[in-house]
Amino acid sequence: AEGRGGRTVYSKIATKKWPSLEGLVQLVKDFCRVPVRITLLGKEAKENVPEDDHRSLPRRVLTSVNSNVAEKGRFIGAEPQDTVGHATLYCMHAGQLVHELHTDAVGQVETILYPGAFFLVSGEDGNYDRLTPDKIAVPSRFALLDIAITASM
C-alpha cells in the first residue's frame, strides 16, 4: 500500500499497545487536513447614516413603481458587496466549536479543516446575523478550498 501512496496511520507492532479510538480518529484528521480560505462579503454597517439616506428604506419601497428613489434603472442600496474585515466567525462541527475565526483587513481568513460538514455562525458582537451559505462541505482533497460567504443583517 505504501508503494501506491498509502500511509501507515498506526502500528500496533511498533507501539506495542492497542490503539484508542480517539487517537486513531485524531491521526486520520491530521492526515486529511485541508487548507480553507473563507472570504466574507457584505455591506459594512454605517453608524451615522443621515435620515435622508434612501439606503435605509425597505426593499419594497425602493422597488415600487412610483418610487422616486430609483436612479437610471438601478436602485440605491444595490451596490456590489464589499469584503468585511475584522469580523468573527465561529466554525462548528457536530455541534461543537472547532475554530474561532477572525477575518483580516481584506475580509479573508485561512484555516485548516478536515473533510466533513461544518456550520458557520457570526460572532454575537458582530453587525451581521445571517451567513449564506452557513454550511460548508469540505471535500477529501488536498487542494486549497476557496469559499465566499455573504453576511447580511
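For the structure itself, consult the block above.
What counts and how
Residues numbered from 1 in each chain as written. Predicted model: local features only at pLDDT ≥ 70, side-chain atom pairs only at ≥ 80, totals over all residues. Heavy atoms only, no water. Helix = DSSP H or I, 4+ residues; strand = E, 2+ residues; numbered from the N terminus. Buried < 20%, exposed > 50% of the residue type's maximum accessible area, 1.4 Å probe, protein only. Contact = heavy atoms within 4.5 Å. Areas by Shrake-Rupley, 256 points an atom, 1.4 Å probe, with all protein chains shown as cover. Pairing = 2+ DSSP bridges. Core = buried A, V, L, I, M, F, W, Y, C linked by side-chain atoms within 4.5 Å. Phe/Tyr/Trp six-rings, centres within 6.5 Å; stacked < 30°, edge-to-face > 60°. Lys NZ or Arg CZ within 6 Å of the ring centre and 35° of its normal. Polar contact = N/O pair within 3.5 Å; in protein donor to acceptor, adjacent residues only side chain to side chain.

J.: Break down the overall build of the protein for me, citing the residues and quoting the values.
T.: Helix and strand counts for the protein stand at three helices and nine strands. The buried share of the protein, taken over its 153 residues, is 24%. Long-range pairs, those at least 24 residues apart, make up 55% of the contacts in the protein between residues at least 6 apart in sequence. A total of about 10,900 Å² of accessible surface is found on the protein, and carbon and sulfur atoms cover 53% of it.

J.: Help me get a handle on the pairing of strand 1 (residues 34-42), residues and values and all.
T.: Where strand 1 lies against strand 5 (residues 108-113), six bridges are found, and the strand directions are antiparallel. If you follow Pro-35 over to strand 5, its bridge partner there is Ile-112. In the sheet, strand 1 pairs with strand 9 (residues 145-152) via six bridges, with the strands oriented parallel. Each bridged residue has a counterpart across the sheet, and for Val-36 the counterpart in strand 9 is Leu-145. With two bridges connecting them, strand 1 and strand 2 (residues 82-83) associate as antiparallel partners. Looking at strand 2, one finds that Leu-41 is bridged to Thr-83.

J.: For the nonpolar core, give the residues involved together with the corresponding values.
T.: Among the nonpolar cores identified, the biggest contains 22 residues, and Ile-38, Leu-40 and Ile-149 are the most heavily contacted of them. Those elements that place two or more of their residues in this core are strand 1, strand 3 (88-93), strand 5, strand 6 (116-122), strand 8 (135-138) and strand 9. Beyond its immediate sequence surroundings of up to four residues, Ile-38 is in contact with Leu-89, Leu-101, Gly-107, Gln-108, Val-109, Leu-120, Ile-147 and Ile-149.

J.: Can you explain the packing of aromatic side chains? Please cite residues and give values.
T.: In this structure the tally under the stated criterion is one aromatic pair. Consider the rings of Tyr-114 and Phe-118, whose centres lie 5.3 Å apart with planes at 70°: the pair is edge-to-face. Each member of the pair, Tyr-114 as well as Phe-118, carries the same accessibility label: buried. Over the ring of Trp-18 we find Lys-12, and its NZ or CZ is 4.7 Å from the ring centre.

J.: Can you lay out the side chain of Ser-122 for me, pointing to particular residues and giving the numbers?
T.: Within the element layout of this structure, Ser-122 appears in strand 6. At 3.1 Å, the side chain of Ser-122 and the backbone oxygen of Tyr-128 are in polar contact. Filtering out sequence-adjacent residues up to four positions away, Ser-122 remains in contact with Thr-88, Leu-89, Tyr-90, Tyr-128 and Leu-131.

Spatial relationships are all this shows, so hold off on functional conclusions.
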